[in-house]
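Architecture and fold: a report
Each chain, written out:
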Amino acid sequence: MTSYAVAVGGFVALILLMLVRIPIGFAMGIVGVVGFGMIVGLAPAMQLLAQVPLTVVTDYTLSIIPMFILMGVFASRSGLSGELFAAARAWVGHIPGGLALASLFSCAGFAAINGSSIATAATMTRVALPEMEKANYNSGLATGVIAAGGTLGIMIPPSAALALYGIITEQDISKLFMAGVLPGLLGVLLYGLAIRIIAAYRPESMPAEPPVPLRERLASLKDIWAVLILFVFVIGGIYGGFFTVTEASGVGAVGTWFIGMVRRRLDLRKTMTCLVEALQTTAAIFAIIIGAMIFGYFLTITQTTQNINAWLVALPIGAYGILFLIILMYLILGALMDEIAIALLTLPIVFPVIVGLGFDPIWFGVIFVMVCTIGMIAPPVGMNVFVINSIAPHVSLGRIYKGVAPFIAVDLFRLAILVAFPIISLLIPNSM
Amino acid sequence: MERFRRTIEVVSALFFGLVAVITLAAATSRVTFSLGLPDAYEFACLAQGIAILWGISIATYDGKHVTVDLLYEKLSRRGRAWMDIVAALVTAIFLGLLAWMTMLRGIESLSSGLTTNELRIPIGPFWILGGAGLVAASLLGAVRVFNLVAEARK
């Protein structure tokens, strides 16, 4: 059998295995090892199984992912998200759509101390959804705002997705983090505008609250010191040259735990719960990374990467035409698969094409994450939507998807802006 | 079984926490005293490896791995039960192979005398401890298959 036939067969087998609900990481691992074995032989294929898991799980660079996840879990269990929401509510709750805006702003604030979209959405669902429902918000729109706001978690630094992109493509993670700042803030601005427009046209779906006196508003700000300290500590530590990004993730996790303990929000039992929760998420992610690494050897041996690369570059549609095709592929994949699996599966193929076409690799990191954020909320497999539904099962999936639809439109607009104006992503990293 | 699962969970969580503590200690000592902790980097890596490989066993038993549910959602209750069994069985077999090869590599590293850079502590036992996590994962994966079959028969 030719390498080409094995490669095609491998992709078909991968899709079939994933469709019968074999975990994505293991499906990639199985196809990778069988395909590699068919071309090179059984013994070398088995060697992959011996080497890859230990190499991946003991990779210090990758510890940035579990540590930022742990930091997010500690922050969530310490009630930091609740304080952010209370402060934002005091300031904007009185305007139509105010609670939705408060949810959005607290999502953005929480994203600044947490690198995960799912963690942001899950945390804010527990904090903000009950309050919005109490205020007679349309539950679809309320969950839609949280699902969309949650995606800010992987754009605003620290971001596990940008870190993973940096690791796979060997780009400077600290530059990638800075590249995510303005696109993240643009997201806040555009989502905010969407909320105001919806509130203007459908005021009954997002009623305003009574205004809060200025003294109480100012008082609400004193509760968010912990978030500010953590953000300055972690991000300032990286850019002040005190820590590497990997160190900052570990230091941030312990710092968040310490603040939680000092404020008596965490105890040893809750600490253990946080560790277990973060470890389960980490283990699921690393299972994907292990599988993707094995699958990567299969792609290399079949020269799939080079073949797809050559085919794409030869298309007579120009650099932006190819970029459009790649973004379209990511939009489709993003609606079907987890963003980590997509990154590990596709970036080794797509990244050389992007660089070969002359696009900036840091900018493409932002575009990649931006497309992933759309995948997190788009049907049929919007992870944020699923997470919200699992926490608030009384709001159906269909209702959440309906509520998130305006924000998907906003995200497509933001994607177009970021593609058209790379300076938005590159302004801060280029001035470093 | 639940006690066994809980023990794995606690031990792997402690190793996970250890990664954060070692990272903090190494960074603080470097920034504050310009001192590097010997082998801190390698111990953090090894603790991370052990935590994750044992963590995979818990994620497998609890069915917490990331899956594509497109087809699954369209199936009847019976269809879903059978799909769960097939997926769990394939997962357990793959994890068994992975565990076997990882343990072999751990045993090889014992005889090759691989050590950490500074303190010269043998790495092999740590790798075997990690590999044991994958053995636990395949066993817990098999238990999951039996549980799912038992549930489907009800």
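Reading the values: rules and limits
Note that residues are indexed from 1 along each chain, following the sequence as it is written. To read the labels, note that chains go from A and ligands from 1, taken in the order they are written. Thresholds applied to this predicted model are a pLDDT of at least 70 for local features of residues and 80 or more for the giving and counting of side-chain atom pairs; totals over whole chains, interfaces and linings are not thresholded and use all residues. With hydrogens and water excluded, all non-hydrogen atoms of the structure serve as input to the side-chain values. Under the scheme used here, helices are H or I runs from DSSP no shorter than 4 residues and strands are E runs no shorter than 2 residues, and both carry numbers assigned from the N terminus. Here the globule rule reads 2.2 Å times residues to the power 0.38, and the radius of gyration is calculated from C-alpha atoms. The buried label goes to any residue with under 20% of its type's maximum accessible area, the exposed label to any with over 50%, and the partly exposed label to all in between, with areas taken from a 1.4 Å probe on protein chains only. The contact criterion used is simple: two residues touch if any of their non-hydrogen atoms lie within 4.5 Å. For every accessible area listed, the method is Shrake-Rupley and the probe measures 1.4 Å; residues are considered covered only by the protein chains on display. Charged residues are defined here as Lys and Arg on the positive side and Asp and Glu on the negative side; His and the ends of the chain fall outside this count. Charge coordinates come from a single atom per side chain, which is NZ of Lys, CZ of Arg, CG of Asp or CD of Glu. The salt bridge criterion pairs a side-chain nitrogen of Lys or Arg with a carboxyl oxygen of Asp or Glu, the two atoms within 4 Å. Gly is placed with the polar residues, together with every amino acid not listed as nonpolar (Ala, Val, Leu, Ile, Met, Phe, Trp, Tyr, Cys and Pro) or charged (Asp, Glu, Lys and Arg). Centre distance within 6.5 Å is the pairing criterion for rings of Phe, Tyr and Trp, where only the six-membered ring of Trp is used; planes under 30 degrees apart are then read as stacked, over 60 as edge-to-face, and the remainder as tilted. Comment: the charge-over-ring label is applied if NZ (Lys) or CZ (Arg) is within 6 Å of the ring centre and within 35 degrees of the ring normal. Buried residues of nine kinds, namely Ala, Val, Leu, Ile, Met, Phe, Trp, Tyr and Cys, make up a nonpolar core once their side-chain atoms join them within 4.5 Å.

Moving on: the overall build of chain B. Scanning chain B from N- to C-terminus turns up four helices and zero strands. Taken from N to C terminus, the helices and strands of chain B fall in the order α-α-α-α. Computed over its C-alpha atoms, the radius of gyration of chain B comes to 19 Å, more than 25% above the 15 Å expected for a compact globule of 154 residues. Overall, chain B is about 65 × 35 × 30 Å in size when its C-alpha atoms are taken along their principal axes. The burial tally for chain B puts 46% of its 154 residues in the buried class. Considering only contacts in chain B between residues 6 or more positions apart, those separated by 24 or more positions represent 73%. Surface summary for chain B: the accessible area is close to 7800 Å², and the carbon and sulfur share equals 66%. Where the 14 positive side-chain charges of chain B centre and where its 11 negative ones centre are 8 Å apart.

Let's shift gears to the overall build of chain A. A tally of helices and strands in chain A yields 22 helices and zero strands. Expected size for 432 residues packed as a compact globule is a radius of gyration near 22 Å; at 22 Å, chain A falls within 12% of this value. Overall, chain A is about 75 × 50 × 45 Å in size when its C-alpha atoms are taken along their principal axes. Relative to its 432 residues, chain A shows a buried fraction of 62%. Long-range contacts, defined here as pairs at least 24 residues apart, represent 78% of the contacts in chain A between residues at least 6 apart. Carbon and sulfur atoms make up 70% of the accessible area of chain A, which amounts to about 15700 Å² in all. For chain A, the centre of its 19 positive side-chain charges and the centre of its 17 negative side-chain charges are spaced 10 Å apart.

Attention now moves to the environment of A:Ala253. All names here are of chain A. Residue position: Ala253 is located in helix 14 (residues 245-262). With a relative accessible area of 0%, Ala253 lands in the buried category. Along the backbone, Ala253 and Leu186 are 67 residues apart, and their C-alpha atoms lie at a distance of 27 Å. Not counting residues up to four positions away in its chain, the partners in contact with Ala253 are Met67, Leu70, Met71 and Phe74.

Another point: the interface of chain B and chain A. In this complex, chain B contributes 56 residues to the contact, which on the side of chain A involves 53 residues. One can count two salt bridges joining chain B with chain A. A salt bridge links B:Arg30 to A:Glu247; its shortest N-O distance comes to 2.4 Å. Elements with a minimum of two residues in the side of chain B that touches chain A: helix 1 (2-33), helix 2 (40-62), helix 3 (77-112) and helix 4 (124-153) of chain B. With 17 residues, helix 1 of chain B is the single largest residue contributor to the side of chain B that touches chain A. A class-by-class count of the residues in the side of chain B that touches chain A yields 36 nonpolar, 10 polar and 10 charged.

Attention shifts here to the pattern of salt bridges. For the structure on display, the rule yields 13 salt bridges over all chains. Notably, a salt bridge pairs A:Glu277 with A:Arg77, separated by 2.7 Å at the nearest N-O pair. With A:Glu277 in helix 15 (residues 268-301) and A:Arg77 in helix 4 (residues 64-77), this residue pair connects regions lying 200 residues apart in the sequence. A relative accessible area of 33% means that A:Glu277 is categorised as partly exposed. According to the relative accessible area criterion, A:Arg77 is partly exposed, its value standing at 42%. For A:Glu209, the salt bridge identified is with A:Arg89, shortest N-O distance 2.7 Å. You can see A:Glu209 sitting in the loop between helix 11 (181-201) and helix 12 (214-221) and its partner A:Arg89 sitting in helix 5 (residues 80-92), a full 120 residues away along the chain. If you follow the salt bridges from partner to partner, you end up with B:Glu2, B:Arg5, B:Arg6, B:Glu9 and B:Asp62 in one network.

Residue and element names in this part refer to chain A. Within the secondary structure, Arg217 sits in helix 12. Here Arg217 sits buried without a salt bridge, and the closest side chain of opposite charge, Glu216, lies 8.5 Å off (N-O distance). The contact partners of Arg217, leaving out residues within four places of it in the chain, are Ala90, Trp91, His94 and Val212.

Let us look at the packing of aromatic side chains. Under the defined criterion, the tally for this structure stands at 15 aromatic pairs over all chains. Residues A:Phe26 and B:Phe94 carry aromatic rings whose centres are separated by 5.8 Å and whose planes lie at 50 degrees to one another, so their mutual orientation is tilted. You can see A:Phe26 sitting in helix 2 (residues 24-40) and its partner B:Phe94 sitting in helix 3, one on each of two chains. For the pair formed by A:Phe26 and B:Phe94, the shared burial category is buried. The rings of A:Tyr165, A:Tyr330, A:Phe351, A:Phe364 and A:Phe368 are connected pair by pair, giving a single aromatic cluster. One Lys or Arg, A:Arg21, reaches over the ring of B:Tyr72 and ends 3.9 Å from the middle of that ring.

Okay, the nonpolar core next. In terms of nonpolar packing, the biggest core is built from 197 residues, with A:Phe364, A:Phe368 and B:Ile56 touching the most fellow members. It is helix 15 of chain A that contributes the most residues to this core, 19 residues altogether. Not counting the four nearest positions on each side in its chain, A:Phe368 is found in contact with A:Tyr165, A:Tyr330, A:Glu339, A:Ile342, A:Ala343 and A:Leu347. Residues B:Ile8, B:Ile50, B:Trp54 and B:Leu140 belong to the second largest nonpolar core, which totals seven residues.

Spatial relationships are all this shows, so hold off on functional conclusions.
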